[in-house]
Amino acid sequence: VQLQASGGGLVQAGGSLKLSCTASGTIRTVNTMGWYRQAPGKQRELVARVTTGGNTAYADSVKGRFTISRDSAKNTVSLQMNSLKPEDTAVYYCSFARGIFTVTNYWGQGTLVTVSS
């Protein structure tokens, strides 16, 4: 499975950005796609995930501000990020897991999101 992410960039605090990711290759009907992020000097952490059935999981820090969605027919996942804060600054990675909320098997190349104060 290959993951191609797009979006990201520089935005002021309080602004919005949208990330998108498309999976290609041999893809099972049942899977989980999502986004993780890694800030400088910190470990990679979950942002949000969504299953093929539409079940979602969010980090507490982004609940109410970020919305994950997917088009399973097109194997795409999007992350709408609103009310961005400087602490959201990180490299965001698209993820793909072969099961339902199982360990990530594949990662995208990462896209930088920078939120200025």
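Because the structure is a prediction, the values reported are computed rather than measured.

Enquirer: So what exactly am I meant to see when it comes to the nonpolar core here?
Expert: A general feature of soluble globular proteins is that nonpolar side chains tend to end up buried together. In this structure, Trp35, Leu79, Met81 and Tyr92 are the most contacted members of the largest nonpolar core, which totals 27 residues. Listing elements by their share of this core, those giving two or more residues are β1 (2-6), β3 (17-24), β4 (32-38), β5 (45-51), β7 (66-71), β8 (76-81), β9 (90-97) and β11 (111-116). Residues contacting Leu79, with those up to four places away along its chain left out, are Leu17, Lys18, Leu19, Trp35, Val47, Ala48, Phe66, Thr67, Ile68 and Tyr92.

Enquirer: Got a minute to help me understand the side chain of Thr111 in this structure?
Expert: Within the fold, Thr111 resides in strand β11. The exposure class of Thr111 is buried, given its relative accessible area of 11%. Within polar-contact distance, the side chain of Thr111 engages the backbone oxygen of Gly7 at 2.9 Å. Once residues within four sequence positions are removed from consideration, Thr111 is found in contact with Gly7, Gly8, Leu19, Ala90, Val91 and Tyr92.

Enquirer: Any chance you could explain the pairing of β7 here in plain terms?
Expert: Side chains on a regular strand alternate between the two faces of the sheet. Of the two faces of β7, only the one carrying Phe66, Ile68 and Arg70 is buried; Thr67, Ser69 and Asp71 on the other face are not. Sheet topology note: the β7/β8 ladder contains 6 bridges and is antiparallel. Counted as the bridge partner of Asp71 is Thr76 from β8. The turn linking β7 back onto β8 is made up of 4 residues, and Asn75 within it adopts a positive phi angle of 55°.

Enquirer: When you look at the state of the cysteines in this model, what are you seeing that I'm missing?
Expert: Simply put, the disulfide is a covalent bond whose two ends are the sulfur atoms of two cysteines. By the definition in use, this model includes 1 disulfide. Here Cys21 connects covalently by a disulfide to Cys94, the sulfurs 2.1 Å from one another. The chirality of the disulfide connecting Cys21 with Cys94 is left-handed, given an S-S dihedral of about -85°. Note that Cys21 is positioned in strand β3 and Cys94 in strand β9, a separation of 73 residues in sequence. For Cys94, a relative accessible area of 0% puts it in the buried group.

Enquirer: How should I be thinking about the packing of aromatic side chains in this particular structure?
Expert: Within a pair of aromatic rings, the relevant descriptors are the distance that separates the centres and the angle that separates the planes. Following the criterion strictly, the structure yields 2 aromatic pairs and no others. Their ring planes at 75° and their centres at 5.0 Å tell us that Tyr36 and Trp107 sit as a pair that is edge-to-face. With Tyr36 in strand β4 and Trp107 in strand β10 (residues 106-107), this pair connects stretches of sequence that are 71 residues apart. Residue classification places Trp107 among the partly exposed positions, given a relative accessible area of 38%. Lying over the aromatic face of Tyr93, Arg44 brings its terminal NZ or CZ to 3.7 Å of the ring centre. In this arrangement the basic side chain of Arg44 is found over the ring face of Trp107, its NZ or CZ atom lying 4.4 Å from the centre.

Each value, and the rule that gives it
Residues numbered from 1 in each chain as written. Predicted model: local features only at pLDDT ≥ 70, side-chain atom pairs only at ≥ 80, totals over all residues. Heavy atoms only, no water. Core = buried A, V, L, I, M, F, W, Y, C linked by side-chain atoms within 4.5 Å. Buried < 20%, exposed > 50% of the residue type's maximum accessible area, 1.4 Å probe, protein only. Helix = DSSP H or I, 4+ residues; strand = E, 2+ residues; numbered from the N terminus. Contact = heavy atoms within 4.5 Å. Polar contact = N/O pair within 3.5 Å; in protein donor to acceptor, adjacent residues only side chain to side chain. Pairing = 2+ DSSP bridges. Disulfide = S-S within 2.5 Å. Phe/Tyr/Trp six-rings, centres within 6.5 Å; stacked < 30°, edge-to-face > 60°. Lys NZ or Arg CZ within 6 Å of the ring centre and 35° of its normal.

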